[in-house]
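# Secondary and tertiary structure notes
This is what each chain is made of:
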Amino acid sequence: MRQDNLDGAIGGKGVVFVLSGEVLGGAEVNMLDLAADLARAGAWVSVCALDDRPGRGRGIAADRGIEWRCVPVPWKGSHAAKLLSLARFALQVRRLTPDVVVAATNLPNVVGGLTWRATGASLFVWNQCDVQPSSRFRPSLFRRALHASPLVVTTAYHAREWLVEQFGADPRRIRVVRSKVELAPPREDARAWRSRLGIARDDFVACMVAHLHAGKDHDTLLRAWRVVVDETGSGGPRPVLLLAGRDAGHADVSKALAFDLDLGEQVRFLGEVEDVSGLLAASDVAVFSSKSECLGRGATEPMAAGLPVVGTDVPGIREALGAPGTDQLVPPGDATALAGAILGLMRDPSLRSRLGRANAELVRERQSHDATTLVYARLLAGSLAGRDAVAAPLAAAGTGTGLDAHSSR
């Protein structure tokens, strides 16, 4: 990573990242990437996870030299039990003497918004990573925690508008900072990937990188793939669909549908894939059929790899694909339109190549180190120094948790 004055922006500061747990989604991966960059720049970085279910997060943090601890906040039981969890969390974080507390996803955001004063931190950053309210909280509590957060960062403009329109957030406190997209070198090249999966060089490979839960709508993609297979027939390249992602509650349903559609070897469920770069190198196109996104890595990582992306026309994917990908957007849930867009790319290699180059260039310009990490670090430094009005201290109004009697250091 190039430092480019990053050391001066954040070096020596204590930054505690609050994540939901070790099980990782795109938001958590983004935060671990940011944490590693800040640590390399000289910040004192640690992670507090709110759940102890095993996953990849702790190992990734350890590989990057970042301290990981679990501070359970189960958000169950009575109001008193939740208050006790919040108090314990605030005490544990306070012992780390943070300058900044940074949270991402709904539970960490709400917990951080309600407790950050009690942690002794000078700044709390709420990172909005989706555009769907959580069923775990009453809207009034979500709103209270959001309004108690001095700085809100989101990766997409439509997410900022959602917070303002749905929850009355102050737009002056919200900054849009893209998440960095930086693919690791592939562990296996395209030939090795295809050989291991029994895929020929001339086969047409589409992939989707997304955990298997209902919101990603793999079911529509599978129905579209049946159309692709039927339209291709025996006279064209064999189409193969690769689905990479852990089971997030919908894998059995999707696998049963693939069986019912008689897709056989023309769809592969790969589970969670660590060598995403290798998978993308082995693919001809990427598909992202999600029903809702902020600025999903399922679109931006394939773009960075130089792939064309077919996506659903929802704000987060439209914003991710930008102008080059407008013609590759289809209505959510429309299997026929999705199949048509995939077939169009299958039949036009030159179009695939042009879109892939445009996608890679867009991501390089929009989600480089300078446009993301450096901007984020300077935003933190400026807010801590009081130079940014968005991070000005809040009025003396409490958060309503009973924890705000503690002063910031």
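See the structure printed just above.
Here's what I pulled together on the structure shown here. Everything quoted here is computed from the prediction, not taken from an experiment.

## Let's talk about helix α2 (residues 26–40)
One turn of an α-helix holds 3.6 residues; hence residues three or four places apart share an orientation. Taking 1.5 Å per residue as the helical rise, α2 with its 15 residues ought to reach 21 Å, and the 21 Å between its terminal C-alpha atoms agrees with that figure. Burial analysis of α2 places 12 of its 15 residues in the buried class, which makes it a mostly covered element. Within the span of α2, buried status applies to Ala-27, Glu-28, Val-29, Asn-30, Met-31, Leu-32, Asp-33, Leu-34, Ala-35, Ala-36, Asp-37 and Leu-38. Phi turns positive one or two residues past the end of α2, at Gly-42, with a value near 100°.

## A short note on the packing of aromatic side chains
Tallied over the entire structure, the rule returns 4 aromatic pairs. When the centroid spacing of 5.2 Å and the interplanar angle of 90° are considered together, the rings of Trp-126 and Phe-142 count as edge-to-face. You can see Trp-126 sitting in strand β5 (residues 123–128) and its partner Phe-142 sitting in helix α6 (residues 139–147), a full 16 residues away along the chain. Aromatic rings pair up to connect Trp-126, Phe-142, Trp-162 and Phe-167 into one cluster.

## Quick notes on the side chain of Gln-367
Looking at where Gln-367 falls in the secondary structure, it is placed in the loop between α15 (349–366) and α16 (373–384). Residue classification places Gln-367 among the buried positions, given a relative accessible area of 1%. Reaching out from Gln-367, the side chain makes a polar contact with the side chain of Arg-366 at a distance of 2.8 Å. Sequence-distant contacts of Gln-367, that is, excluding residues within four places in its chain, are made with Arg-178, Ser-179, Lys-180, Val-181, Leu-295, Thr-300 and Thr-372.

## Examining the pairing of strand β12 (residues 309–312)
Here β12 shows no split at all, with Val-309 and Gly-311 on one side and Val-310 and Thr-312 on the other all buried. When strand β11 (residues 285–288) meets β12, the two strands line up parallel, connected through 3 bridges. Looking across to β12, one finds that Val-287 is bridged to Val-310. Regarding topology, helix α12 (residues 297–304) serves as the crossover connection from β11 to the parallel β12, and that connection is right-handed. Bridge count between β12 and strand β13 (residues 329–330): 2 bridges; the pairing is parallel. Looking at the pairing, Thr-312 lines up with Val-330 of β13.

## Remarks on the sheet that holds strand β8 (residues 204–209)
If you trace the 6 strands from one edge of the open sheet to the other, you get β10-β9-β8-β11-β12-β13, paired in parallel fashion. Among the strands making up the open sheet, the edge pair consists of β10 (267–271) and β13. Pairing between β8 and β11: 2 bridges, direction parallel. Within β11, the position partnered with Cys-207 by the bridge is Ala-286.

## Topic: the sheet that holds strand β2 (residues 44–49)
Taking strand neighbours across the sheet as the criterion, the 7 strands line up as β3-β2-β1-β4-β5-β6-β7 in an open arrangement whose pairing is parallel. Two strands close off the open sheet at either side, each with one partner strand: β3 (67–70) and β7 (174–176). Across the sheet, the mean angle from the axis of one strand to that of its neighbour is 25°, orientation sign disregarded. Note that strand β1 (residues 14–19) and strand β4 (residues 100–104) share 4 bridges and pair parallel. Looking at β4, one finds that Phe-17 is bridged to Val-102. Helix-sheet contacts for α16 involve β4, β5, β6 (151–154) and β7, and the interaxial angle to β5 is about 145°.

## So, the pairing of β5
Along β5, 6 of the 6 residues are buried, which leaves the element largely enclosed by surrounding structure. Here β5 shows a buried face lined by Leu-123, Val-125 and Asn-127 and a second buried face lined by Phe-124, Trp-126 and Gln-128. In this sheet, β5 lies alongside β4 in parallel orientation, the contact comprising 5 bridges. Looking at β5, one finds that Ala-103 is bridged to Trp-126. In the classification by handedness, the crossover that spans β4, the intervening helix α5 (residues 106–115) and the parallel β5 is right-handed. In the sheet, β5 pairs with β6 via 4 bridges, with the strands oriented parallel. Bridged to Gln-128 within β6 is Thr-154. As for the winding sense of the linkage, the β-α-β connection from β5 through α6 to β6 is right-handed.

Analysis parameters
Residues numbered from 1 in each chain as written. Predicted model: local features only at pLDDT ≥ 70, side-chain atom pairs only at ≥ 80, totals over all residues. Heavy atoms only, no water. Helix = DSSP H or I, 4+ residues; strand = E, 2+ residues; numbered from the N terminus. Expected span 1.5 Å × (residues − 1). Buried < 20%, exposed > 50% of the residue type's maximum accessible area, 1.4 Å probe, protein only. Phe/Tyr/Trp six-rings, centres within 6.5 Å; stacked < 30°, edge-to-face > 60°. Polar contact = N/O pair within 3.5 Å; in protein donor to acceptor, adjacent residues only side chain to side chain. Contact = heavy atoms within 4.5 Å. Pairing = 2+ DSSP bridges. Right-handed = clockwise from strand over helix to strand, strands pointing away. Axes fitted to C-alpha atoms, helices over the stretch in contact; angles between N-to-C directions.

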